[in-house]
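Examining the three-dimensional arrangement
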Amino acid sequence: MGVCKEVPWMRVRVLALLSGLALWVIAAVPASATSEGHSYLALGDSVSFGTNPLLDIHNASNFTGFPEIVAQRLNIEDVNAACPGEATGGFISLTGTDNVCRPYRFGGFFPNCCPLHVSYAGTQLAFATSYLTTHPRTRLVTLMLGANDIFHLQNVCGATHPNDPIGAAQCVNAGIPAVFAAMSSNLNTIFGALRATGYTGLIVAVTYYSLDYTNAAAEAGAIGLNAPMIAAAQAHGAVIADGLAAFRAVAAGETSCAAGLLIPLPASMGGGCDVHPTPKGRDLLAGAVIDAISGTCPAHDPIGCLNRNQD
């Protein structure tokens, strides 16, 4: 099992906008799945998938995301359907805005590459709604999604203004409101479709962490990125797992890299840290999900709360 060559979607930069809004984004990778049956459906991008750029992407079982840790702690089985580079539009439609989910899924990077944890031909939303319809005993759904909408905008602006960082920043700054509006619409569509299956159990929306807790602008950017998800989740009876606060509790006064929450990269891959969590960071996100579940019933016991929320 070798180290896979790095590809562009594995690295994400902090966006510095002229307006002073600093946004970080995560290149999404597919999430993982277990055998059929069962109690927990995980949806979203690379953080759910458990992306690690040091591992061979030809074998999905190399990757463990926070959903697998949640499943272990709650003694339930997870089906993790997230896809790399998934944006909110691509989650709904194969012709929607995509960062790199479709090239990843359909072999656009390398031969025989790259499997999802669960295989499906259509959209992630189509898989999710079919799964919920045919698995009425599902007790938990998690969703982490949205960063790739901003990453896609960054890529478009970079291509539109090559060798012109100021022009690219102005382009991103001008495009942010429309992207946030599209994210809001798409996320409302997604949550609405999940509920339209008749699923009335727990949906937990997981928010993104900041890369830098020494910089108020970086935190403000993460807050802005998370806002459409929080609003859509609350409108559809979902609860929030606060990934931003979970990382802050450990990385306060540090970058997430310095706090050991992001994967360190060798010099051959540029050094510093990747944007994806280490096991320590992954476990913090799992803890945030479990805390969110625990807060949904008086007993504050996550397993008991799952049972209480199941019809």
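In this text, all values refer to a predicted model and were calculated from it rather than measured experimentally. (Residues numbered from 1 in each chain as written. Predicted model: local features only at pLDDT ≥ 70, side-chain atom pairs only at ≥ 80, totals over all residues. Heavy atoms only, no water.)

Points about the packing of aromatic side chains
Geometry of an aromatic ring pair is reported as the spacing of the ring centres plus the angle between the planes. Stated precisely, the cut-off is as follows: Pairing of aromatic side chains here covers Phe, Tyr and the six-membered ring of Trp, requires ring centres within 6.5 Å, and sorts the geometry by plane angle: under 30 degrees stacked, over 60 edge-to-face, intermediate tilted.
Applying the stated criterion across every chain, the model contains four aromatic pairs. Each residue in the set Tyr 120, Phe 127 and Tyr 131 is aromatic and connected to the rest through ring pairs, giving one cluster.

Observations regarding the confidence of the model for the protein
Defined as follows: The predictor attaches a confidence to each residue, called pLDDT, with possible values from 0 through 100. What makes two residues a contact is simply this: any of their non-hydrogen atoms within 4.5 Å.
Per-residue pLDDT for the protein has a mean of 86; in total, 87% of the residues score no lower than 70. Counted against residues more than four places away or in other chains, residues 1–37, with its pLDDT under 50, gives 159 contacts.

Here's the deal with the sheet that holds strand β3 (residues 40–44)
What counts here: Each pair of strands is called paired provided DSSP finds at least two bridges between the two strands. Helix and strand assignments come from DSSP, with helices taken as H or I runs of at least 4 residues and strands as E runs of at least 2, each series counted from the N terminus. With axes taken as lines fitted to C-alpha atoms, and helix axes fitted only over the stretch in contact, angles between N-to-C directions fall between 0 and 180 degrees.
Sheet architecture is open: five strands sit in the order β4-β3-β5-β6-β7, paired in parallel fashion. Only two strands of the sheet have a single partner each, and these edge strands are β4 (78–80) and β7 (239–241). With strand direction ignored, the average angle separating the axes of adjacent strands in the sheet is 25°. Sheet analysis places β3 next to strand β5 (residues 140–144), joined by five bridges and oriented parallel. Paired with Leu 43 across the strands is Leu 143, a residue of β5.

Regarding the nonpolar core
Going by this rule: In plain words, nonpolar cores are sets of buried Ala, Val, Leu, Ile, Met, Phe, Trp, Tyr and Cys residues tied together by side-chain atoms within 4.5 Å. Relative accessible area decides the class of each residue, using a 1.4 Å probe on protein chains only: under 20% of the type maximum gives buried, over 50% gives exposed, and in between gives partly exposed.
Ranked by internal contacts, the top residues of the largest apolar core, which has 49 residues, are Phe 66, Leu 140 and Ile 293. It is helix α10 (residues 279–294) that provides the largest number of residues to this core, a total of seven residues. Contact partners of Phe 66, with chain neighbours within four places excluded, come to Tyr 40, Val 47, Ser 48, Thr 142, Met 144, Val 206, Arg 282, Leu 285, Ala 286 and Val 289. Leu 116, Leu 132, Val 141 and Phe 191 belong to the second largest nonpolar core, which has 37 residues in total.

Observations regarding the state of the cysteines
This is how it is decided: Two cysteine sulfurs form a disulfide in these notes if their separation is within 2.5 Å.
Inspection of the entire model under this criterion finds five disulfides. The residue that forms a disulfide with Cys 83 is Cys 101, at a sulfur-sulfur distance of 1.9 Å. In this structure, the disulfide formed by Cys 83 and Cys 101 twists by about 110° around the S-S bond and is classed as right-handed. Residue Cys 83 is found in the loop between β4 and α3 (88–92), and its partner Cys 101 is found in helix α4 (residues 101–105); the two are separated by 18 residues along the sequence. A residue is classified by how much of its surface remains accessible, and Cys 83, at 0% relative accessible area, is buried. Classification of Cys 101 as buried rests on a relative accessible area of 2%. A sulfur-sulfur separation of 2.0 Å characterises the disulfide bridge that pairs Cys 297 with Cys 305. The S-S bond linking Cys 297 to Cys 305 shows a torsion near -80°; that makes this disulfide left-handed. With respect to burial, Cys 297 and Cys 305 carry one shared label: buried.

A look at the environment of Phe 191
Tracing the sequence through the fold places Phe 191 in helix α7 (residues 165–196). The class of Phe 191 is buried, set by a relative accessible area of 0%. Taking the C-alpha atoms as reference points, Phe 191 and Met 229, separated by 38 residues in sequence, lie 9.8 Å from one another. Other than its neighbours up to four places away in sequence, Phe 191 contacts Leu 143, Ile 203, Ala 205, Met 229, Ala 232, Ala 233, His 236 and Ala 238.

Points about the side chain of Ser 256
With respect to the helices, strands and loops of the structure, Ser 256 is situated in the loop between α9 (243–251) and β8 (262–264). Every residue in contact with Ser 256, bar those within four places of it in the chain, is listed here: Ser 210, Leu 211, Tyr 213, Phe 247, Ala 251, Leu 261 and Leu 262.

So, the side chain of Thr 207
Counted only if it meets this: Under the rule applied, a polar contact is a pair of N or O atoms within 3.5 Å (in protein, one hydrogen donor and one hydrogen acceptor; residues adjacent in sequence only if both atoms are side-chain atoms).
Position of Thr 207 relative to the elements: it lies in the loop between β6 (202–206) and α8 (216–235). In terms of polar contacts, Thr 207 uses its side chain to reach the backbone amide nitrogen of Gly 243, at 2.9 Å.

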